[in-house]
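# Structural characterization, general
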Amino acid sequence: MKKKILKILRTKNKKSLVCLTAYSKPIAKILDKYCDIVLVGDSLATAMYGMKNTHQATLEMMIQHGISVKSNLSKALCVIDMPKNTYRNINEAKKNVKLVFKKTKCDAIKMECNGNNFKIIKSIVKLGFPVMGHIGFTPQYYKKFKIQGLKEKDRLRLIREAIKNEEAGVFSIVLECVTNNVAKEITQSLKIPTVGIGSSINCDGQILVTDDMLGLSSFYPKFVKKFVKLTNIIEKAVQKYNTAVLTRKFPSKKNNF
Ligand code: KIV
């Protein structure tokens, strides 16, 4: 098993995994110092491209942003999301996963669970490509937001999906918007680390969309904490620039050749 993957596995019950998303070089460079995992998430469709949902993210987009992020990480594990409709069967998944690894040199890919794609995940792991799982609210397969695990039948389904993912060979699994108790039960049942988003402190690690925690988004679900309000800071800088240009204070002599 690859060293970086082993390192993630060995954090179980020892250290919280710090994970964030990145789509570009400057953010990747900063995250590399502080994150165990940097995910090039298909959330880039909404966060970067302003699309309605993640369904419109393409393989080309993921590869292009993946190249930018991976080439600026040295320490953190680089995981790239497989976008919707790129792993519907084993052959399609193999072809597209190989391409992502070849072009980006990423460390792993992430595949959302649709309740029965375990054989596809297993076939990719068998080829030697590390896979991160993703269960709970999986945006590629849901139209409307829904908290996961409130009903007993959902609790049982989530536990089954988590175990099936582990059996398929994923090295870690994202739990998205899963209730506290179910997240706890899954985390305690698995040998691999769980990474929560909206799934409580009961997970082995946490992930957020970086644009959300920086206060750059326009959509803030309850589970997001804004660690800074970057929009305000950027707006102030742009206002200053606007004034400086209008009053002909910029560029000054200092900026001339
Ligand atoms: O696409 C993404 O950013 C994700 C995270 C929310 C886990 O899948």
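Everything below is about the structure printed above this text.
Here's what I pulled together on the structure shown here. Nothing here was measured: the structure is a model prediction, and the numbers come from that model.

## Some points on the packing of helix α4 (residues 59-70) against helix α5 (residues 90-104)
- Where α4 meets α5, the closest approach of the two axes is 9 Å, and the angle between their N-to-C directions is 30°. One way to sum up the angle between α4 and α5 is to call them roughly parallel. Crossing of α4 over α5 shows right-handed handedness. For the pair α4 and α5, the contacting residues are L59, I63, G66, I67 and K70 in the first and N96, L99, V100, K103 and T104 in the second.
- Per-class residue counts for the contact of α4 with α5 are five nonpolar, three polar and two charged.

## Focus: the sheet that holds strand β4 (residues 108-112)
- Judged by pairing direction, the barrel is parallel, and its eight strands sit side by side in the order β1-β2-β3-β4-β5-β6-β7-β8 before closing back on the first. With strand direction ignored, the average angle separating the axes of adjacent strands in the sheet is 25°.
- Across three bridges, strand β1 (residues 17-21) lies against strand β2 (residues 37-40) in parallel orientation. Of the residues in β2, the one forming a bridge with T21 is L39.
- Packed on one face of the sheet, helix α6 (residues 118-126) meets β4 and β5 (131-136) and runs near 175° to β4.
- Strand contacts of helix α8 (residues 180-189): β5, β6 (172-176) and β7 (194-197), with the helix running at about 175° to β6, the strand carrying the most contacts.

## A closer look at the nonpolar core
- With 56 residues, the main nonpolar core has I109, M111 and I186 as its most contacted residues.
- Residue contributions to this core peak at five residues, all from α4.
- Apart from residues lying up to four places away in sequence, I186 is in contact with I135, L158, I159, A162, L175 and T194.

Reading the values: rules and limits
Residues numbered from 1 in each chain as written. Predicted model: local features only at pLDDT ≥ 70, side-chain atom pairs only at ≥ 80, totals over all residues. Heavy atoms only, no water. Axes fitted to C-alpha atoms, helices over the stretch in contact; angles between N-to-C directions. Helix = DSSP H or I, 4+ residues; strand = E, 2+ residues; numbered from the N terminus. Parallel < 35°, antiparallel > 145°, perpendicular 65-115°, else oblique. Left-handed = near helix turned anticlockwise from the far one by under 90°. Contact = heavy atoms within 4.5 Å. Nonpolar A, V, L, I, M, F, W, Y, C, P; charged D, E, K, R; others polar. Pairing = 2+ DSSP bridges. Core = buried A, V, L, I, M, F, W, Y, C linked by side-chain atoms within 4.5 Å. Buried < 20%, exposed > 50% of the residue type's maximum accessible area, 1.4 Å probe, protein only.

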